[in-house]
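An overview of the molecular structure
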Amino acid sequence: MSESQGSEGTTQRLPVMEKETGPDPLDQSASAAAYDPPPPVDDKGRGEGRFWSARRIPAAITALVLALGAGFFLYDIAAVRAGRPPMYWRRELAHQLAERPLDDIWVLVGAGVAAVLGLWLLALATTPGLRSVLPMRRTHPDVRAGLHRDLAALVLRDRAVEVSGVQSVRVRVRRRRADVRAVSHFRELDEVRADLDATLADAIRGLGLSRPPSLSVHVRRLGRKG
């Protein structure tokens, strides 16, 4: 009867693959850290100023008020010259101005209102207005062009949604800065932001603006449900 003997062999320890316990890149919630800015935009045409507003509504209101006031005074003066008594409102106004002291509350209120209206008219006369129109670089000496800020934001939004990983984006263009808020549903946020930086910097150059706005990009990820 033979007895089977187990063969003696050596046991070799296999290597163990240990998973790193660092943060999962997809767990990153936002990307707004410092980054290398996009290449600077061409400085040609920086001398172009803003478009001046015609101020039609304030001018029409001011002209209407002055015309009505002058018409009432001229009518009353003509009536007095014709032998009729002056109107009650002019007599009452002259009486109040003659009787009330300068430190009276109603005199101070009226003076304050007149001063505010005067400053408002001066501000309208000395400022260009049309803040929503961005001047473009002049390619012909006789032609000036402008781009509405909402249209510029629409162009940047259309370019941003073409970037891989961008789920939705909201763009707000101001005179000096373009704010971009994007939501990513895959890819690392820093990679998505780098692609957005390059794409939107190229889009801003393509707008042909005289004073290109600076770019501010913020990418985040929506919180997981459950």
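In case you missed it, the structure is sitting above this.
Definitions and limits used
- Residues numbered from 1 in each chain as written.
- Predicted model: local features only at pLDDT ≥ 70, side-chain atom pairs only at ≥ 80, totals over all residues.
- Heavy atoms only, no water.
- Helix = DSSP H or I, 4+ residues; strand = E, 2+ residues; numbered from the N terminus.
- Axes fitted to C-alpha atoms, helices over the stretch in contact; angles between N-to-C directions.
- Left-handed = near helix turned anticlockwise from the far one by under 90°.
- Contact = heavy atoms within 4.5 Å.
- Nonpolar A, V, L, I, M, F, W, Y, C, P; charged D, E, K, R; others polar.
- Buried < 20%, exposed > 50% of the residue type's maximum accessible area, 1.4 Å probe, protein only.
- Pairing = 2+ DSSP bridges.
- Right-handed = clockwise from strand over helix to strand, strands pointing away.
- Patch = residues over 30% accessible without salt bridge, like charges linked within 9 Å, V, L, I, M, F, W, Y side chains within 5 Å.
- Areas by Shrake-Rupley, 256 points an atom, 1.4 Å probe, with all protein chains shown as cover.
- Salt bridge = Lys/Arg side-chain N within 4 Å of Asp/Glu carboxyl O.

1. Considerations on unusual backbone geometry
Unlike most non-glycine residues, Arg 55 shows phi in positive territory, near 50°. Note that Arg 55 resides in the loop between strand E1 (30-31) and helix H1 (56-81). Of note, Arg 187 is a non-glycine position whose phi angle comes to about 75°, a positive value. Relative to the helices and strands, Arg 187 resides in the loop between strand E5 (177-184) and helix H5 (189-207).

2. What to know about the packing of helix H4 (residues 149-160) against H5
Direction vectors running N to C along H4 and H5 enclose 145°, while the axes themselves pass 10 Å from each other. Regarding H4 and H5, the two cross each other, and that crossing is right-handed. Taking contact as the criterion, the partners of Ala 152, Val 155, Leu 156, Arg 159 and Ala 160 in H4 are, on H5, Leu 196, Thr 199, Leu 200, Asp 202, Ala 203, Ile 204 and Leu 207. Of the residues in the contact of H4 with H5, the class split is nine nonpolar, one polar and two charged.

3. Structural notes on the pairing of E5
For E5, the buried fraction is high: six of the eight residues fall into the buried class. When strand E4 (residues 166-173) meets E5, the two strands line up antiparallel, connected through seven bridges. Each residue of the ladder has a partner; that of Val 171, found in E5, is Val 180. Bridging between E5 and strand E6 (residues 214-220) involves seven bridges; their strand directions are parallel. When the bridges of E6 are listed, Arg 181 appears paired with His 218. Each parallel crossover has a hand, and the one from E5 via H5 to E6 is right-handed.

4. Concerning a nonpolar patch on the surface
Side chains of Leu 64, Leu 68, Phe 72, Phe 73, Ile 77, Trp 89, Leu 93 and Leu 97 sit close together on the surface and give an oily, nonpolar patch of about 780 Å² of accessible area. If you list the elements that add at least two residues to the nonpolar patch, you get H1 and helix H2 (88-99). Here the nonpolar patch takes five residues from H1, the largest share from any one element. As for its position among the elements, Trp 89 is in helix H2. Of the residues examined, Trp 89 reaches a relative accessible area of 32% and is grouped as partly exposed.

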